[in-house]
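An overview of the molecular structure
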Amino acid sequence: MRAVVTGAAGFIGSHLAQALARAGARVIAVDCLTDYYDPARKRANLEVLGQYPLVEIVTGDLLDLDLVGMVEGADVVFHQAGQPGVRLSWDDGFPIYSERNILATQSLLEAARSTRLPRFVYASSSSVYGDQDRYPCTEDMVPRPHSPYGVTKLAAEHLCRLYSANYGLSTVSLRYFTVYGPRQRPDMAIQRLVQCAVDGDEFEVFGDGSQVRDFTYVGDIVAANLRAAGADVAPGTFVNISGGSEASLAETIELVARASGAELNLGHGPAKPGDVARTGGSPELAHRLLGWEPRTDLRTGITRQLEWYRNRSAKKLSRDGTAA
Ligand SMILES: NC(=O)c1ccc[n+]([C@@H]2O[C@H](COP(=O)([O-])OP(=O)(O)OC[C@H]3O[C@@H](n4cnc5c(N)ncnc54)[C@H](O)[C@@H]3O)[C@@H](O)[C@H]2O)c1
C-alpha cells in the first residue's frame, strides 16, 4: 500500500503513520509543524517516523505544496492535518481555522480528484454535532456545531461528500470523539491532567466539571482509519468513531488521580465558549460498515498515557542532566 498521511507530525497522524510503516506500507508523511502547540513535540514525532525506511517526510504547508505530485500513485490519503481545538477558533483565530481546515482540505480534494485517488479518509469530528437533544448521537441527526472550529470541520466534511457526489471520489469521513493516549496534544484535558499529576502543574477546571466526553483511545482511532482505507462503503460515507468511554470531567479527574496516586492541584475557571455540555456517539454504524469497535477502556488508556508521559519526562531529565 502507498499512503499519504497529512498532519503526520501531530498526535493522531504520527500514530497512524507509524502503524502504516510497521505494517510495511510506503508512507508519505506531510506536516508543516504549525505552532498551535510546541513544534518540538512534532519534531520528536517526526524523528520516530524517520526511523522507518519506507517513510518519506515532507515538511510543508498543504496550501503551498505540489499536491498532485504528492498524491499521484497513492492508494489512500489519510487527511489528519488541521487546526484543532474549539477555544481559539473565535475572533481573529477563525481565518486560520478556515485556511487549515477548509481551504487545505479543498486543495487536497482537488488533487485527489484529478489523480483519481482510490480512497480519501478524512479526520472529521464529533464537534459537528454540537449540543443535541438526545444521546448517543447517530449519523442521521442534523449537525449543528457549537463552535467556529466545528463549523470548519463540518464544511470540510461537506466538501468530501460533494466531491463524492459530483466526481465519484471515494471519501470516508470519520467523526472522531475526544481522542486521547500517548502523545496527546498538550491543550487537551487528559494530557493537562497527566502533567498535573506528574509535574505538579495546576489543572484548571473549566466550568463545574459536569461536562461529559465520549473518550476514544488513539490506538482505536488508528484501527478505524486502517479499516476505512479498505472498506467496501459508498462514496461520501460519514461515520462516528466513538470510544464508548463516557465520563464527566469530574470523573476523569478522579480516574487520573487514582491511576497516578498523586494529589492533583486543581484550580477553577469559567466554562469556555464553544465547549459543549456532552459528547456521545453511537458506534453502531462504524461496526456495521467498517467492522470496527473500540477496544480500549478509559482506565487502561489513561494508565498508558501516564506511563508514556513518565517515561518521556524521565528520558528528558536524563538528557538534560547529561548536557548540564
Ligand atoms: N484529537 C482529537 O480529539 C480530535 C477529535 C476530533 C477530530 N480531530 C481531528 O483530527 C486531526 C488530528 O488532530 P490531532 O489532535 O492529532 O491534532 P495535531 O494538532 O496534533 O495534529 C494536526 C497536525 O496538522 C498539521 N497541519 C495543520 N495544518 C496544516 C497544513 N495546512 N499543512 C500541513 N500540515 C498542517 C499540524 O502541524 C499538526 O501537526 C485534526 O484534523 C483534528 O481536527 C481530532
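Residues numbered from 1 in each chain as written. Predicted model: local features only at pLDDT ≥ 70, side-chain atom pairs only at ≥ 80, totals over all residues.

1. Side note on the sheet that holds strand E7 (residues 179–180)
Ordered in space as E7-E9-E11, the 3 strands form an open sheet in which the pairing is mixed. Each edge of the sheet is formed by a strand with only one pairing partner; in this case those strands are E7 and strand E11 (245–248). Strand direction decides the pairing type here: strand E9 (residues 212–217) and E11, joined by 4 bridges, are antiparallel. Residue pairing for E11: arginine 213 is matched across the bridge by alanine 247. (Pairing = 2+ DSSP bridges. Helix = DSSP H or I, 4+ residues; strand = E, 2+ residues; numbered from the N terminus.)

2. Focus on the packing of helix H4 (residues 94–114) against helix H5 (residues 148–167)
A pair of packed helices is captured by two measures, namely the crossing angle of their axes and the spacing between those axes. Packing of H4 against H5 brings their axes to within 9 Å, and their N-to-C directions diverge by 15°. Our classification of the angle between H4 and H5 gives roughly parallel. As for how H4 packs across H5, the hand of that crossing is right-handed. Residue-level inspection shows Phe94, Tyr97, Ser98, Asn101, Ile102, Thr105, Gln106, Leu109 and Arg113 of H4 in contact with H5, the latter providing Pro148, Tyr149, Thr152, Lys153, Ala155, Ala156, Leu159, Cys160, Tyr163 and Tyr167. Broken down by class, the residue content of the contact of H4 with H5 amounts to 12 nonpolar, 5 polar and 2 charged. (Axes fitted to C-alpha atoms, helices over the stretch in contact; angles between N-to-C directions. Parallel < 35°, antiparallel > 145°, perpendicular 65-115°, else oblique. Left-handed = near helix turned anticlockwise from the far one by under 90°. Contact = placed C-beta atoms within 7 Å. Nonpolar A, V, L, I, M, F, W, Y, C, P; charged D, E, K, R; others polar.)

3. Things to note about the site of the ligand
In the neighbourhood of the ligand, 31 residues make up the surrounding shell, with Gly7, Gly10, Phe11, Gly82 and Val179 lying closest. Mapped by element, the contributors of at least two residues to the shell around the ligand are helix H1 (11–22), strand E2 (26–31), H4 and strand E5 (119–125). Tallying contributions element by element places H1 first for the shell around the ligand, with 3 residues. Classifying every residue of the shell around the ligand by side-chain character gives 15 nonpolar, 10 polar and 6 charged. (Near = placed C-beta within 6 Å.)

4. Quick word on the pairing of strand E6 (residues 171–176)
Of all 6 residues making up E6, 6 are buried, and the element is well covered by its neighbours. In E6, alternate side chains face the same way, and those of Thr171, Ser173 and Arg175 on one face and Val172, Leu174 and Tyr176 on the other are all buried. Here E5 runs beside E6; their pairing, made up of 6 bridges, is parallel. For serine 125, the partnering residue across the bridge sits in E6 and is tyrosine 176. Assessed by its sense of winding, the connection that carries the chain from E5 through H5 to E6 is right-handed. One ladder, built from 5 bridges, connects E6 with strand E10 (residues 237–241); its direction is parallel. Bridge assignment links serine 173 to a residue of E10, and that residue is phenylalanine 238. (Buried ≥ 20, exposed ≤ 12 C-beta atoms within 10 Å, placed from the backbone. Right-handed = clockwise from strand over helix to strand, strands pointing away.)

5. Examining the pairing of E10
For a regular strand, the rule is simple: side chains alternate between the two faces of the sheet. Along E10, 5 of the 5 residues are buried, which leaves the element largely enclosed by surrounding structure. Where burial is concerned, the two faces of E10 agree: the one with Thr237, Val239 and Ile241 and the one with Phe238 and Asn240 are both buried.

6. So, the sheet that holds E2
Spatially, the 7 strands line up as an open sheet ordered E3-E2-E1-E4-E5-E6-E10, and their pairing is parallel. The strands lining the two open edges of the sheet, one partner per strand, are strand E3 (55–59) and E10. Averaged over all neighbouring strand pairs, the angle between strand axes comes to 20°, with direction disregarded. Where E2 meets E3, 5 bridges bridge the pair, whose relative direction is parallel. Paired with valine 30 across the bridge in E3 is valine 58. On top of the sheet, helix H2 (residues 39–50) reaches E2 and E3; it is set at about 150° to E3, its chief contact.

7. Some remarks on the nonpolar core
In this structure, Val5, Ala17, Val27, Val77, Val121 and Leu174 are the most contacted members of the largest nonpolar core, which totals 78 residues. If one sorts the elements of this core by residue count, helix H7 (residues 218–230) sits on top with 8 residues. Contact partners of valine 121, with chain neighbours within four places excluded, come to Val76, Val77, Phe78, His79, Val172, Leu174, Asn225, Ala228 and Ala229. Listed in part, the 5 residues of the second largest apolar core include Tyr129, Cys137, Val151 and Leu154. (Core = buried A, V, L, I, M, F, W, Y, C linked by C-beta atoms within 7 Å.)

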